[in-house]
Amino acid sequence: MSTPGSARGGLGPLDEYPLHQVPQPIGWPGPSDRHFYDRCYFNAHDRTGDIFVISGMGYYPNLRTKDAFFLVTRGDQQTAVHLGGEIDDDRLNQRVGGYRLEVVEPLRKIRMVLEETEGLAADLTWEGSFEVVQEQRHVMRQGTRVTLDAQRFAQVGTWSGSLSVDGEEIAVSPDTWVGTRDRSWGIRPVGEAEPAGRPADFDGMWWLYVPMRFEDYAIVVIMQEDGDGIRTLNDCTRVWKDGRVEQLGWPQVTIHYTPGGRTPTGATLECATRQGPLRIEVESRLAVPLHFGGGYGGDQDWLHGQWHGESFVERRTYDLTSDAVRSMFMFGCVDHVGRAVVHENGTETEGFGLFEHFSVGRHEPSGFTDFFSVAGG
């Protein structure tokens with residue numbers, strides 16, 4: 001049976017619920033900006049740095065398309081499958097080709113299924129360990145134009161299920177497999193590039209995103225700075241098992257870069273609580289460039305929201321040791337399997353999660369004066 005709709009189109013199952021924010025069907029976003037999006041992101045790893053799985057799905061109503069990706073990095077090889085197609089009005093059943101997400105328990109449990117696609121398959125269930133964190137609204141402009149205006153929530157948790165890579169079955173147990181997820185919606189650059197007009201004044205952006213899972217709490221850090229080091233986004237939150245939310249101030253951050261590049265080995269975050277200082281030492285166990293198969297800025301093969309035709313599927317594989325990839329590491333966002341240690345009141349607490357960072361272009365506090373500056377020895 002086909003999904004119920006309306007004679008004029010636009011209505012879907014969600015319109016039966018009192019969810020409307022503007023006088024039009026749920027499937028029609030309030031803004032007509034072509035860059036309106038609604039997407040989710042997941043990552044999973046077993047804490048070792050031997051494997052990292054990253055996946056996501058996006059809906060782009062004003063581009064009339066939806067897509068998904070599933071990326072697996074093991075050692076020096078990174079493989080991604082991409083799926084795309086025409087958008088539909090049934091947002092209760094999130095699906096792109098053989099990829100689907102099932103909301104088992106809202107804000108707590110999600111099932112992700114990738115039917116066998118170009119050698120990759122998965123049946124994974126996410127369970128949040130703590131409440132989701134609603135992050136601060138994120139706004140960016142180029143000149144007078146808003147290029148990003150988004151709301152996001154994040155969560156840390158565990159995974160269970162199975163993963164198959166080219167016939168090799170990998171068991172995923174919540175005892176060892178952890179990760180983070182987020183969902184965001186609003187406006188951000190998606191789809192095919194628009195005519196540029198007068199070149200924008202952009203000389204640099206520094207970004208840090210560190211959601212970490214510990215035994216008794218979660219910490220979610222999100223920061224952005226411009227080329228002068230002026231912080232335009234600062235959100236550092238700790239969420240406890242009993243639901244308490246604690247702000248950890250205005251962290252001072254030192255990124256530990258590998259000499260001769262901009263790929264970090266880790267970072268030090270100096271935070272503050274009402275009881276005193278708190279320091280987070282973060283280390284990278286595996287670096288995964290999202291601009292190679294993940295669809296994030298700078299990816300030459302796959303960008304979110306592009307129309308590739310109905311029922312589109314492809315597989316891409318990258319050698320992370322190749323000169324082509326290594327030379328582009330510093331020009332995009334890199335996700336790391338992250339291990340963190342919190343130093344507080346004379347104690348040390350270990351956690352795992354995501355360490356995401358990029359510094360593109362000028363960033364004076366880091367000593368980067370232009371797009372090609374690298375860390376010294």
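Everything below is about the structure shown above.
These notes cover the structure that comes with them.

The rules we used
Residues numbered from 1 in each chain as written. Predicted model: local features only at pLDDT ≥ 70, side-chain atom pairs only at ≥ 80, totals over all residues. Heavy atoms only, no water. Phe/Tyr/Trp six-rings, centres within 6.5 Å; stacked < 30°, edge-to-face > 60°. Helix = DSSP H or I, 4+ residues; strand = E, 2+ residues; numbered from the N terminus. Buried < 20%, exposed > 50% of the residue type's maximum accessible area, 1.4 Å probe, protein only. Contact = heavy atoms within 4.5 Å. Pairing = 2+ DSSP bridges. Axes fitted to C-alpha atoms, helices over the stretch in contact; angles between N-to-C directions. Polar contact = N/O pair within 3.5 Å; in protein donor to acceptor, adjacent residues only side chain to side chain.

## A few points about the packing of aromatic side chains
Applying the stated criterion across every chain yields a total of twelve aromatic pairs. Between Phe69 and Tyr296, the aromatic rings sit 6.3 Å apart at their centres with planes inclined by 85 degrees, giving edge-to-face as the arrangement. Of this pair, Phe69 sits in strand β3 (residues 65-74) while Tyr296 sits in the loop between β20 (276-289) and β21 (312-319); the two residues are 227 residues apart in sequence, bridging distant segments of the chain. Of the two residues examined, Phe69 and Tyr296, each falls in the buried class. Between the aromatic rings of Phe153 and Trp185, the centroid separation amounts to 6.3 Å while the plane-to-plane angle is 65 degrees, which identifies the pairing as edge-to-face. Residue Phe153 is located in strand β11 (residues 145-165), and its partner Trp185 is located in strand β13 (residues 178-187); the two are separated by 32 residues in the primary sequence. What makes Trp185 partly exposed here is its relative accessible area of 33%. An aromatic cluster is defined as three or more aromatic residues linked by ring pairs; in this entry it consists of Phe42, Trp126 and Trp159.

## Things to note about the environment of Gly261
Within the fold, Gly261 resides in the loop between β18 (252-257) and β19 (264-273). For Gly261, a relative accessible area of 15% translates into the label buried. Spatially, the C-alpha atoms of Gly261 and Ser373 are 8.0 Å apart, while their sequence positions differ by 112 residues. Not counting residues up to four positions away in its chain, the partners in contact with Gly261 are Val374 and Ala375.

## A look at the sheet that holds β19
On the basis of which strands lie adjacent, the open sheet formed by nine strands has the order β17-β16-β15-β14-β23-β22-β20-β19-β18 and antiparallel pairing. The sheet terminates laterally at β17 (245-247) and β18, the two strands that pair on one side only. Strand after strand, the sheet turns through a mean of 20 degrees between neighbouring axes, direction not considered. Inspection of the sheet shows strand β22 (residues 334-344) paired to strand β23 (residues 347-361) by eleven bridges, in the antiparallel sense. Each residue of the ladder has a partner; that of His336, found in β23, is Phe355.

## Some words on the pairing of β20
Pairing of β19 with β20, which is carried by eight bridges, proceeds in the antiparallel orientation. Bridge pairing in β20 links Glu270 to Arg279. The turn joining β19 and β20, which pair antiparallel and follow one another in sequence, is formed by two residues. Sheet topology places β20 next to β22; ten bridges connect them, and they run antiparallel. What sits directly across from Pro289, in β22, is Val334.

## Some details on unusual backbone geometry
In the Ramachandran plot, Glu118 falls in the positive-phi region, its phi being about 50 degrees despite a non-glycine side chain. Mapped onto the elements, Glu118 comes out in the loop between β7 (109-117) and β8 (120-128). For Glu118, a relative accessible area of 43% corresponds to the partly exposed category. Located in the positive-phi region is Asp166, a residue other than glycine, with phi close to 50 degrees. In this structure, Asp166 sits in the loop between β11 and β12 (168-172). Residue classification places Asp166 among the partly exposed positions, given a relative accessible area of 48%.

## Regarding the side chain of Glu246
Tracing the chain through its elements places Glu246 in strand β17. Here Glu246 falls in the buried class, since its relative accessible area comes to 17%. A polar atom in the side chain of Glu246 sits 3.1 Å from the side chain of Trp240. The residues touching Glu246, leaving out its near neighbours within four places in the chain, are Cys236, Thr237, Arg238, Trp240, Thr273 and Gln275.

## Section: the environment of Met223
By the element assignment, Met223 lies in strand β15 (residues 217-226). For the pair formed by Met223 and Arg111, sequence separation is 112 residues and the distance between their alpha carbons is 29 Å. Those residues in contact with Met223 that lie beyond four places of it in its chain are Trp206, Trp207, Leu208, Arg231, Leu233, Asn234, Pro251 and Val253.

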